[in-house]
Amino acid sequence: MGTVVRRPVAFVAAIVLFVEAVGIVLINGILATVVKNQTMSLAGMDPAVMSNGTWAMGGVFGLYLLLCGLLLLLAGIRDRAPGRIARIVLITCAVVHAVLGALTVGLVGWAAFASLMVVLGLIVLTLVAYGTGPDEPAEDAGAPAPV
């Protein structure tokens with residue numbers, strides 16, 4: 001896959017992950033506010049503890065998605081494959097989207113599943129388009145060596 005396709009895909013994937021990070025933080029903020037305003041507990045837990053845990057979870061997951069988006073943005077700007085650690089982070093992000101997509105079908109519906117699969121596809125397409133690593137050429141990886 002040439003430079004014409006892989007750079008825009010990396011940019012689009014980065015933008016989608018940035019938007020998703022903001023959405024996750026907002027959703028967790030709403031959930032934390034609802035939990036904090038309730039007066040009942042879940043299995044004896046204090047609502048304030050559940051609210052703070054929801055804020056923390058949303059913040060950590062939002063930062064994780066921002067990191068993944070930043071890695072994709074850097075790959076698109078540099079037009080080079082992400083490094084080993086960056087590839088591992090992006091692969092874990094793809095796996096998280098796949099698992100969440102599988103859970104979302106039953107809980108939320110097919111539209112949420114489809115949106116998660118689009119993000120998964122963008123991440124995987126970016127990883128595949130840039131080859132196997134920063135030291136190896138992304139183009140003609142399977143071509144025989146000249147004689």
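In what follows, the structure referred to is the one given above.
The structure contained in this document is the topic of the report that follows. Worth saying up front: this structure is predicted, and the values here are computed from it rather than measured. (Residues numbered from 1 in each chain as written. Predicted model: local features only at pLDDT ≥ 70, side-chain atom pairs only at ≥ 80, totals over all residues. Heavy atoms only, no water.)

## What to know about helix H3 (residues 84–107)
Taking 1.5 Å of rise per residue, 24 residues should cover 34 Å, and H3 covers 35 Å from first to last C-alpha, within 8% of that figure. Taken together, the buried positions of H3 are occupied by Ala-86, Arg-87, Val-89, Leu-90, Cys-93, Ala-94, His-97, Gly-101 and Thr-104. In the segment just after H3, Gly-109 is the residue with positive phi, at about 140°. (Helix = DSSP H or I, 4+ residues; strand = E, 2+ residues; numbered from the N terminus. Expected span 1.5 Å × (residues − 1). Buried < 20%, exposed > 50% of the residue type's maximum accessible area, 1.4 Å probe, protein only.)

## What about a nonpolar patch on the surface?
There is a patch of nonpolar side chains on the surface, built from Ile-91, Val-95, Val-99, Leu-100, Leu-103, Leu-107 and Val-108 and spanning about 680 Å² of accessible area. Inspection of the secondary structure assignment puts Leu-103 in helix H3. Classification of Leu-103 as exposed rests on a relative accessible area of 52%. (Patch = residues over 30% accessible without salt bridge, like charges linked within 9 Å, V, L, I, M, F, W, Y side chains within 5 Å. Areas by Shrake-Rupley, 256 points an atom, 1.4 Å probe, with all protein chains shown as cover. Salt bridge = Lys/Arg side-chain N within 4 Å of Asp/Glu carboxyl O.)

## Re the nonpolar core
Core analysis: the largest hydrophobic core is formed by 20 residues, its most contacted members being Leu-17, Cys-68, Leu-72, Leu-90, Cys-93 and Ile-123. When residues of this core are traced back to their parent elements, those giving at least two are helix H1 (3–37), helix H2 (47–78), H3 and helix H4 (110–129). Ignoring anything within four residues of it in the chain, the contact list for Leu-17 reads Leu-65, Cys-68, Gly-69, Leu-72, Cys-93, His-97, Val-119 and Ile-123. (Core = buried A, V, L, I, M, F, W, Y, C linked by side-chain atoms within 4.5 Å. Contact = heavy atoms within 4.5 Å.)

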